[in-house]
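# Structural description and commentary
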Amino acid sequence: MIDRIQRLGHKTLSKVAAFGRSGLILMHALVARPQPLVMLPLLIKQIYFVGVLSLVIIVVSGLFIGMVLGLQGYTIMVDYGSEQAVGQMVALSLLRELAPVVTALLFAGRAGSALTAEIGLMKATEQLASLEMIGVDPLRRIIAPRFWAGFICLPLLSMIFAVVGIWGSSLVAVDWLGIYSGAYWSNMQQAVDFTDDVLNGVVKAVVFGFIVTWVAVYQGYDCIPTSEGISQATTRTVVYSSLAVLGADFILTALMFGDL
Amino acid sequence: MEAETSQAAAPDMLKDIIIDIRELTFSRGERIIFDGVDIAIPRGKVTAIMGPSGSGKTTLLKLIGGQLAPDRGQVLLEGSNISRMGRNELFKARERMGMLFQSGALFTDMSVFDNVAFPLRVHSDLPDAMIRDIVLMKLQAVGLRGAIHLMPAELSGGMARRVALARAIALDPDIVMYDEPFAGQDPIAMGVLVNLIKRLNQALGHSSIIVSHDIQETLSIADYIYILADGRVAAHGTPAMLRDVDSAQVRQFVQGLPDGPVPFHYPAPDFMQDLLGGEIK
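If you're wondering where the values come from, they're calculated on a predicted model, not measured in any experiment.

This part covers the packing of aromatic side chains. All names here are of chain A. Taken as a whole and assessed by the stated rule, the structure comprises 11 aromatic pairs over all chains. The interplanar angle of 45° and the centroid separation of 5.9 Å between the aromatic rings of F19 and W214 together place this pair among those described as tilted. Of this pair, F19 sits in helix α1 (residues 2-30) while W214 is found in helix α8 (residues 194-222), placing the two residues 195 residues apart along the sequence. With relative accessibility at 58%, the residue F19 sits in the exposed group.

On to the packing of helix α3 (residues 112-123) of chain B against helix α4 (residues 128-141) of chain B. All names here are of chain B. Where α3 contacts α4, the two axes come as close as 9 Å, and the packing angle between them is 120°. Looking at the two axes, α3 sits oblique to α4. Here the hand of the crossing between α3 and α4 comes out right-handed. Mapping the contact onto sequence places V112, F113, V116, A117, L120 and R121 in α3 and I131, R132, I134, V135, K138 and L139 in α4. Of the residues that constitute the contact of α3 with α4, the class distribution is nine nonpolar, no polar and three charged.

Here the focus is the interface of chain B and chain A. Every contact between the two is made by 23 residues of chain B and, on the other side, 17 residues of chain A. Of the roughly 1700 Å² buried between chain B and chain A on both sides combined, carbon and sulfur atoms contribute 58%. Put simply, chain B and chain A have two salt bridges between them. The shortest N-O distance in the salt bridge between R87(B) and D137(A) comes to 2.8 Å.

This part takes up unusual backbone geometry. Residue and element names in this part refer to chain B. One non-glycine residue with positive phi stands out, namely E23, at about 50°. Along the polypeptide, E23 turns up in strand β1 (residues 17-28). Non-glycine residue E78 carries a positive phi angle of around 45°. Considering the arrangement of structural elements, one finds E78 in the loop between β4 (72-77) and β5 (80-81). Judged by its relative accessible area of 39%, E78 falls in the partly exposed class.

Let us now look at the pattern of salt bridges. Residues and elements named next belong to chain B. Inspection of every chain in the model, using the stated rule, returns 17 salt bridges over all chains. A salt bridge links R121 to D114, with the shortest nitrogen-to-oxygen separation between them at 2.9 Å. Taking relative accessible area as the criterion, R121 reaches 42% and is therefore assigned partly exposed. Close ionic contact of K198 with D223 constitutes a salt bridge, the shortest N to O distance being 3.4 Å. In this pair, K198 sits in helix α6 (residues 187-204) while D223 sits in the loop between α7 (215-221) and β9 (224-229), placing the two residues 25 residues apart along the sequence. Because the salt bridges share partners, they merge into one network encompassing D16, R43, E78, R96 and D174.

Residues and elements named next belong to chain A. Two numbers describe how helix α4 (residues 86-124) lies on α8: the axes approach to 8 Å, and their chain directions differ by 15°. Compared by their axis directions, α4 and α8 come out roughly parallel. The handedness of the crossing between α4 and α8 is right-handed. For the contact of α4 with α8, the residue count by class is 16 nonpolar, seven polar and six charged.

All names here are of chain A. By size, the foremost hydrophobic cluster in this structure holds 42 residues, and its most contacted members are V86, F107, Y184 and F208. Only α2 (36-50), α3 (55-77), α4, α6 (138-176), α7 (181-191), α8 and α9 (227-257) provide two or more residues apiece to this core. With 13 residues, α4 is the largest single contributor of residues to this core. With sequence-adjacent residues up to four places away left out, V86 is seen in contact with G70, G73, Y74, M77, S169, A173, I179 and Y184.

All right, on to the environment of L71(A) then. Residue and element names in this part refer to chain A. With respect to the helices and strands, L71 occurs in helix α3. Judged by its relative accessible area of 34%, L71 falls in the partly exposed class. Considered as a pair, L71 and V198 are 127 residues apart in the sequence and their alpha carbons are 23 Å apart. If sequence neighbours within four positions are ignored, L71 has contacts with V172, W176 and L177.

Residues and elements named next belong to chain B. Strands sit in the order β2-β1-β4-β5 across an open sheet of four strands; the sheet is antiparallel. Taken across any chain shown, the strands that pair with only one partner, and hence form the sheet edges, are β2 (31-42) and β5. Relative to β5, β4 is paired through two bridges, and the arrangement is antiparallel. Bridging from a neighbouring strand, L77 pairs with S80 of β5. Sheet contacts for helix α1 (residues 57-64): β1, β2 and β4; angle to β1, the most-contacted strand, approximately 120°.

Residues and elements named next belong to chain B. Strand β7 (residues 175-179) sits mainly inside the fold: five of its five residues count as buried. Where burial is concerned, the two faces of β7 agree: the one with I175, M177 and D179 and the one with V176 and Y178 are both buried. The pairing of strand β6 (residues 97-100) with β7 spans four bridges and is parallel. Across the sheet, residue M97 finds its bridge partner in β7, namely I175. When β7 meets strand β8 (residues 207-211), the two strands line up parallel, connected through five bridges. What sits directly across from I175, in β8, is S207. After leaving β7, the chain enters α6 and then returns to the sheet as β8, a path that is right-handed.

What counts as what
- Residues numbered from 1 in each chain as written.
- Chains lettered and ligands numbered in written order.
- Predicted model: local features only at pLDDT ≥ 70, side-chain atom pairs only at ≥ 80, totals over all residues.
- Heavy atoms only, no water.
- Phe/Tyr/Trp six-rings, centres within 6.5 Å; stacked < 30°, edge-to-face > 60°.
- Helix = DSSP H or I, 4+ residues; strand = E, 2+ residues; numbered from the N terminus.
- Buried < 20%, exposed > 50% of the residue type's maximum accessible area, 1.4 Å probe, protein only.
- Axes fitted to C-alpha atoms, helices over the stretch in contact; angles between N-to-C directions.
- Parallel < 35°, antiparallel > 145°, perpendicular 65-115°, else oblique.
- Left-handed = near helix turned anticlockwise from the far one by under 90°.
- Contact = heavy atoms within 4.5 Å.
- Nonpolar A, V, L, I, M, F, W, Y, C, P; charged D, E, K, R; others polar.
- Buried area = accessible area lost by both parts, 1.4 Å probe.
- Salt bridge = Lys/Arg side-chain N within 4 Å of Asp/Glu carboxyl O.
- Core = buried A, V, L, I, M, F, W, Y, C linked by side-chain atoms within 4.5 Å.
- Pairing = 2+ DSSP bridges.
- Right-handed = clockwise from strand over helix to strand, strands pointing away.

Keep in mind these numbers describe shape, not what the thing actually does.
Shown next, in the form of structure tokens:
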């Protein structure tokens, strides 16, 4: 019994220590004298790897999710004769919830795991140690541009996801199932509020971008530098960031829409 | 007889010390790596750190580079305690150090040229043409000028380490640390490297610290040697002094004998008992 309590205490303490370490790593990476001439090329390169290369999975997923929403929305709402409101339903679902959440989950699987594996491998092959010995801080050179790239790209990808999703839904609802396009778009226009829906969705994506990228860079930087250690860290990135995104989504939704 | 040769026996060399390690204690978990170790690295000389596997030689280089912090004791770089330095001060101090890692640790997304040019681009304002010339000279010194456009994945292990050596000396640092520089080198490259390390040391006047198992090569270029064993300095002195040391531990290591005070086997129960009745636990 005492052993179990001891183990639980040890595990709790190590989790708290890891959380503290991840905060320190992020602080050292981000709080420093700005060096735009050095950082900008590194940031652009990472935006390409983290953001541009994630575009395909985001666009394809957005399209199919929008199409499914349009189809499901139509088949349910047609029974009540309110199929004209499909556009409104799809837009609100995507802007408020699905675009930021699904983009964050896809981003964690596509870009987060890649970031963790890349940083972990750099650690295992002593490239991070070698940077340190050259007098270059790896937190500034490696971690910071990757973090900012994820933080910038996720909200943009989320917006692209929402736009493509709405277009996909219109393909199904208007072009295939024959809903009058004027009703589809004007219902959507009337129902969607810029601050409540669009901006809140963007705020969610910004928060998720912070969470997913922080988890990914920390797991890579703190991993055990072996093949097994990197594999575990990559898995942890996907699991922890997905759970954190879903948890944060509930809290944000409660704060944003809880008084309705 | 205890193998320690007093530092008074080599007073001239140890009068001018660049790195002074005092009462260094360091452990990993339960295992004590260093237990009150004193080491003085003379300025402008080649100092070798030798000892059996697991005696903490590479760990010592990491402690000198500030990548690890000692549990107790001090690592002083010209009087400044490395483990007490702030983050910025530590990175500034590292600009004066070059380190050749055992694996080479080349940046895999950069060509050979960019790897060697990296420290120059980061720490100097030299024009591109001059950086190119310096890189060519450093690569010529390690015999790999022809590999300038190759990527690290296209190099053999030995070649990668030579490129890493060129990168380590790119900024002509005050201190160069070599972690197993001769491992995996063919006899020709090994001979060239031995001479190169000696020549660089003489020409540039920097202080070299070599961690190595290759006894003959290391003895041939080292000015001063420390032999580590059981978490302590088992012996130290010039190569001539160590050859005459009357210590079974040092003799076993220097002559590469399997039997002696340093066990070849990791601690284990009786072999016969293990074979006849034991089970893997």
